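Structural description and commentary
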Amino acid sequence: MSKRIKEVVIPLEKAVFRLDGQGFWRNQEGRFRNKKIIDHFHRSISRDENGYFVSQDKGGIIEKVYFPCEDTAFFVFDVIFNDDITLVLNTGRQMPLMPGKLFTRNDNLYIETASDRIKFTDRALMKLSGLFEESGNNGLAIRIHSRLYPIPERADWEPNS
């Protein structure tokens, strides 16, 4: 007979931490400073029908804490240039840059996947800065392997939607 794992759920309104719009974890004391804790929180991000949460196994009990985020829970923290361009997310996951999935909103750059909107941090933008060009009507574009991809401005969504 399998042992049933107990789950403790902390709802969003009782969370004592949040993720700000730049990808920094914060609590009532301010920005988190401990790199191990920051990395653990980022690697632990998941989402279900109730929102974003972090979870951990605490001696056979799964603690699941829903947390507020100002914009999105997923960020591009780094960019790797090789034959292609690889994005490194705050969760540690890597994904290829898909220029047709880029868009801007309120002077921020995002990439949209089938399930998430991912925001580029300032550091990631600096690494990509040499690829950006102006496109017609003051629009933005990115040039990859001699091809220019327009980056549309989107106003059809709200953060956390």
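This structure is a prediction, so every number in the text was calculated from the model and none was measured.

**A few points about the sheet that holds strand 3 (residues 25-27)**
Read from one edge to the other, the open sheet built from three strands follows the order 2-3-4, with strand pairing classed as antiparallel. Taken across any chain shown, the strands that pair with only one partner, and hence form the sheet edges, are strand 2 (17-19) and strand 4 (30-31). Looking at chain direction, strand 3 and strand 4 are connected through two bridges and run antiparallel. Paired with Asn27 across the bridge in strand 4 is Gly30.

**Re the layout of surface pockets**
Counted as a void, the largest pocket has a volume near 450 Å³. The wall of the largest pocket is formed by 21 residues, among which Gly23, Phe24, Ile38, His42 and Phe77 lie closest to the centre. Where the lining of the largest pocket is concerned, the elements lending two or more residues are helix 1 (35-43), strand 8 (74-81) and helix 2 (122-128). Class assignment for the residues of the lining of the largest pocket results in six nonpolar, seven polar and eight charged.

**What to know about the environment of Ile10**
Considering the arrangement of structural elements, one finds Ile10 in strand 1 (residues 6-10). Between the alpha carbons of Ile10 and Glu63 there is a distance of 7.7 Å; along the sequence they are 53 residues apart. Beyond its immediate stretch of four places on either side in the chain, Ile10 contacts Ala15, Lys64, Val65 and Tyr66.

Calculation notes
- Residues numbered from 1 in each chain as written.
- Predicted model: local features only at pLDDT ≥ 70, side-chain atom pairs only at ≥ 80, totals over all residues.
- Heavy atoms only, no water.
- Pairing = 2+ DSSP bridges.
- Helix = DSSP H or I, 4+ residues; strand = E, 2+ residues; numbered from the N terminus.
- 1 Å grid on protein atoms, 1.4 Å probe; cavity = no way out; pocket = protein on both sides within 12 Å on 5 of 7 lines; lining within 4 Å.
- Points joined across faces, edges and corners; volume = space filled by probe spheres on them.
- Nonpolar A, V, L, I, M, F, W, Y, C, P; charged D, E, K, R; others polar.
- Contact = heavy atoms within 4.5 Å.

The analysis is restricted to geometry; functional conclusions fall outside its scope.
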